[in-house]
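# Coordinate analysis (summary)
One-letter residues, chain by chain:
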Amino acid sequence: MRILFFFFEIMTIPDSSGCHYMMENGSIELPCKPEEERRIVQELTAKAEANLREGNLYYVISRRWFVAWQKYTGLMADTYPFDNRSVKSVYAASSNTEDRPGPIDNSDIVVNGRDAKDDDPELRRCLEEGLDYDLVPQDVWDKLLKWYKGGPSLPRQMISVGDQQKHFIVEVYPLCLKLTDSRDQSEVVLKLSKKASVRELYEKVCRLKGLDTEKVHIWDFFNKQQQTILISSNQTMEESNLQMDQDILLEVPIDEFGVDSTGNGLALVPVEPRRSPISIAGGPTMTNGYSTSYSSDIYQRSTFTSSYGDMEDGHENLKPSRRGDTGGLAGLQNLGNTCFMNSSIQCLAHTQHLVEYFLQDYSDEINRQNPLGMHGELALSFGELLRKLWSSGRTPVAPRAFKGKLARFAPQFSGYNQHDSQELLAFLLDGLHEDLNRVKQKPYIETKDFDGRPDKEVADEFWRYHKARNDSVIVDICQGQYKSTLVCPVCDKISITFDPFMYLSLPLPSTATRSMTVTVFYGDGSGLPMPFTVTVLKQGCCKDLIQALAVTCCLRSDEYLLLAEVYEHRIYRYLENPSEPLSDIKDEEYIVAYRLLKTEADLTRIEICHRYQESERKPFLTPLVTVLEDPQYGSDIDLAVEKMLAPLRRAAFFTSATQSGEENGSDLTTREEQMNSCDQLEHTIKSTDGIEPEGMSSREMSFCLCITDDKGYGCRPIMKDSPLRPARLIKVMLDWTEKEHDLYAASYLKDLPVVHKSGVLAKKTKQEAISLFSCLDAFLKEEPLGPDDMWYCPRCKEHRQASKKLDLWRLPDVLVFHLKRFSYSRWQKNKLDTFVNFPIQNLDLSRYTRSNDASEGSHVYELYAISNHYGGLGGGHYSAYCKLIDDKSWYHFDDAHVSAVSESEIKTSAAYVLFYQRVKPKSNGTLGEPSESQMAF
């Protein structure tokens, strides 16, 4: 006889760390320890990354909750976005530990938050991965959901994107379509993947409406106008050019008796076909409109419609097209955060050389065999869009076809998030070049070293090599050449190359210095912590900051400063590398410096952290750091802690001295003030030296003192006779109670100043302007290569940190300047709103150009277009200022809105990409006198 035991209760077994094991039916369901959760998630993540394929499920999870879980498990996640490469998460153990988070809470990333009742909640738009949300594999989500419950669940599929090189991305925002039923004008929102087929769309609609897929028609209803019938096929939503939130129309055809295919009587109002003046070939075409007669002619025309919405046969007959009387004044509809694309397109659409080229018959130059191109499709799509802009008058154009092609060949621009107009410009120019490359078979060419030959000879040779492989209208008008000189710092080997460029990315030289506030702590307990503000070079390193602090805080000759970053009341990292750049330290961070004694002996560093017993034992206050020589017992730690806390004991305050020191710490301007400050500090230190706080040595400390491991996990009490293991770093934790708050002035450890506080008082009354020429000087100046970009010296046979110098050699007819307003680091990106003063007419670059070949044309340029970026990161907006061809008038192109603007208004701090064209010599061979704007430089 078998005996079956059933456990109906859920048992909870506490462990020493305060967590609980959940037991159901006798089995452990919840890994209690955070390191166990971390291990499981790491293993599941690695398994998912090793098996990437279409259809895999990933779950969107609130960044806010996920970071709390990472801190709890000691897991720092550097999550790379799913950006055409692969799904990749790199995890590293961290010393950060927190209390166990509550249930998973995704309310901050869904519409209506906690009030969302939908079974399929809608994700808020324009969220950024790594900032607002993270993506976890399905198995990881299942584990997290089992351990923590909560939600809501936000599953998303992995899809394959890219026509040439396939990449996996997670489709965070599926396509949303607004379906209108023509029978009753009811509307419903459908969600499906952009990789779903039109056949799947028909099936989904018919299931929803209870209809037969063979007896209905679904129209592309973009802008509430019937565009084309969507034919049930394997063509995808993306290939059909359907956009996020656009309309589609359901129609049930009626017979001659006015009855639809379902047997219901209907009275549908016929709509006249909508005509378009041009096709992709520049000739007339007709886009399908509604007709009460569904003859085979409709299906015939629909099957020939391409993803452009016009007849595909037009590709083969690119007839010349003329500019309209009001051509060039059409705006571009925003298809969902596509202002970045619209801005760049408008600048190119007002480039005279490109307009003349694409309005002519360029079919002979389409390169369909180039493996680096898009088989001519990108060039055809761009040419068609440009023709529409120059023939549609002031009617805004919807660049759906172009965006669809762009998404296929550049998946990084798919979706509906904001992108960078310059990045799109770089891709588009390169893609147009490859699609229009006149070279069908690229020859293999091995370049030669310059070997002391004249620059002109080497430059011409490099340019011939380049043109032998790259010959297009883009090269003709947009590509120049610069001279690159590398010098080995060891053997003085010189390497000179002449490389092509499509645009110049110019740095913005701003004020060379920055002010930094650092709180200095005494590592021997001889004084109170004080903040000091110093001025250092922006491009300096930690060594420069330490030297400036040493002077300001009167560091003694037997001391040194140990820099550290404090994050959430813990030491996040020590800045012990003197060559670490100061640019890695951000204004909003908290940096401290510990004054420690120099010694030849190996000392043990003691790191003292603080917890408040009556607030769930969470860390608070700023850690203290001291050093001990060979501590052996807990009593050594006790004495060190007593010494470090001595200045905080209320009976030992020296208020007047410290207040004076704080005031002087921020504004030392002269050497005399520095000496006075140093004398005052020495007096404060001497006053505290040798003073033993009353009753401290005659009793046990009131603190509960514990020791933790180097990762901050676990705590065990320290007894005075407890032996200590030899270690370079010992971390201890102090538990504060109300009693300690009465004895010690904890406020001195509570509020740290940030490195630099931006605000009304910190802002300059008037921003200093810089010139375009100073940006160009910064771009061309000689500088050493970075440690991650070293040059392999062929003479030394080793990688060297060579010096590099750039010079302009050959200038193109169209010269594009990219102002590098965005800076990127491991942690964040910043935008510079510096006003750059640039000439509108007569930009003379003669003094920057090393070539003296008169056949290349003049070195004087005039401005004709600007791509602008307004606002900050993430929430910014792009627009364009463009000068109409053959007209002196400027216009502001803000998506679909176009308005006239005066030339005096186009210079703003929003200027991001500048477009110049070469000035043609006058009939008498002169170029004219420089304008006042040029002479102002």
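Below you will find a few notes about this structure. Fair warning: this is a prediction, and the values are worked out from it, not measured in the lab. (Residues numbered from 1 in each chain as written. Predicted model: local features only at pLDDT ≥ 70, side-chain atom pairs only at ≥ 80, totals over all residues. Heavy atoms only, no water.)

## A look at the environment of I496
Here I496 lies in strand β20 (residues 494–501). Sequence-wise, I496 and D455 are 41 residues apart; in three dimensions their C-alpha atoms are separated by 8.7 Å. Residues within four places of I496 in sequence aside, it is in contact with F450, D455, K483, S484 and T485. (Helix = DSSP H or I, 4+ residues; strand = E, 2+ residues; numbered from the N terminus. Contact = heavy atoms within 4.5 Å.)

## Quick look at the packing of aromatic side chains
Applying the stated criterion to the full structure yields 20 aromatic pairs. Taken together, a centroid distance of 5.6 Å and an interplanar angle of 10° make the contact between F66 and W69 stacked. Of this pair, F66 and W69 both sit in helix α2 (residues 63–73), 3 residues apart, which is roughly one turn of that helix. With respect to class, F66 is no different from W69; both count as buried. Note on F817 and Y916: the rings are 5.8 Å apart at their centroids and 80° apart in plane angle, and the pair reads as edge-to-face. Placement of F817 in strand β38 (residues 814–819) and of Y916 in strand β47 (residues 911–918) is noted, with a sequence separation of 99 residues between them. Relative accessible area serves as the criterion here: at 0%, Y916 is assigned to the buried category. (Phe/Tyr/Trp six-rings, centres within 6.5 Å; stacked < 30°, edge-to-face > 60°. Buried < 20%, exposed > 50% of the residue type's maximum accessible area, 1.4 Å probe, protein only.)

## Some points on the side chain of H466
Positionally, H466 belongs in helix α11 (residues 455–469). Exposure remark for H466: the relative accessible area of 13% places this residue in the buried category.

## Here's the deal with unusual backbone geometry
Omega for the peptide link from G151 to P152 comes to 0°, which places this bond in the cis form. Its location among the elements puts P152 in the loop between β9 (150–151) and β10 (155–161). Located in the positive-phi region is K224, a residue other than glycine, with phi close to 60°. As for its position among the elements, K224 is in the loop between β14 (217–220) and β15 (229–230).

## Digging into the pairing of β38
Where burial is concerned, most of β38 is hidden: 6 out of the 6 residues are buried. Of the two faces of β38, the one lined by V814, V816 and H818 and the one lined by L815, F817 and L819 are each fully buried. Sheet topology note: the strand β21 (residues 504–506)/β38 ladder contains 3 bridges and is parallel. Bridging across to β38, L506 finds its partner in L819. (Pairing = 2+ DSSP bridges.)

## Quick look at the sheet that holds strand β4 (residues 57–62)
Paired through backbone hydrogen bonds, the strands of a sheet run either parallel or antiparallel to each other. The 4 strands lie next to each other as β8-β4-β10-β11, forming an open sheet whose pairing is antiparallel. Single-partner strands in this sheet number two, and they are β8 (133–137) and β11 (167–170). The average undirected angle you get between the axes of adjacent strands in this sheet is 35°. The sheet contact formed by β4 and β10 spans 3 bridges and is antiparallel. Within β10, the position partnered with Y59 by the bridge is P155. Against the sheet, α2 engages β4 and β8, with an angle of about 90° to β4. (Axes fitted to C-alpha atoms, helices over the stretch in contact; angles between N-to-C directions.)

## Re the packing of helix α1 (residues 34–49) against helix α3 (residues 138–148)
Where α1 contacts α3, the two axes come as close as 9 Å, and the packing angle between them is 155°. When the axes of α1 and α3 are compared, the pair comes out roughly antiparallel. For the pair α1 and α3, the contacting residues are E37, I40, V41, L44 and T45 in the first and D139, V140, K143, W147 and Y148 in the second. Partitioning the contact of α1 with α3 into residue classes produces 6 nonpolar, 1 polar and 3 charged. (Parallel < 35°, antiparallel > 145°, perpendicular 65-115°, else oblique. Nonpolar A, V, L, I, M, F, W, Y, C, P; charged D, E, K, R; others polar.)

## Details of the environment of D460
Mapped onto the elements, D460 comes out in helix α11. For the pair D460 and F498, spaced 38 residues apart in sequence, the C-alpha to C-alpha distance is 8.8 Å. Reaching out from D460, the side chain makes a polar contact with the side chain of K456 at a distance of 2.8 Å. There is a polar contact of 3.4 Å between the side chain of D460 and the side chain of R810. (Polar contact = N/O pair within 3.5 Å; in protein donor to acceptor, adjacent residues only side chain to side chain.)

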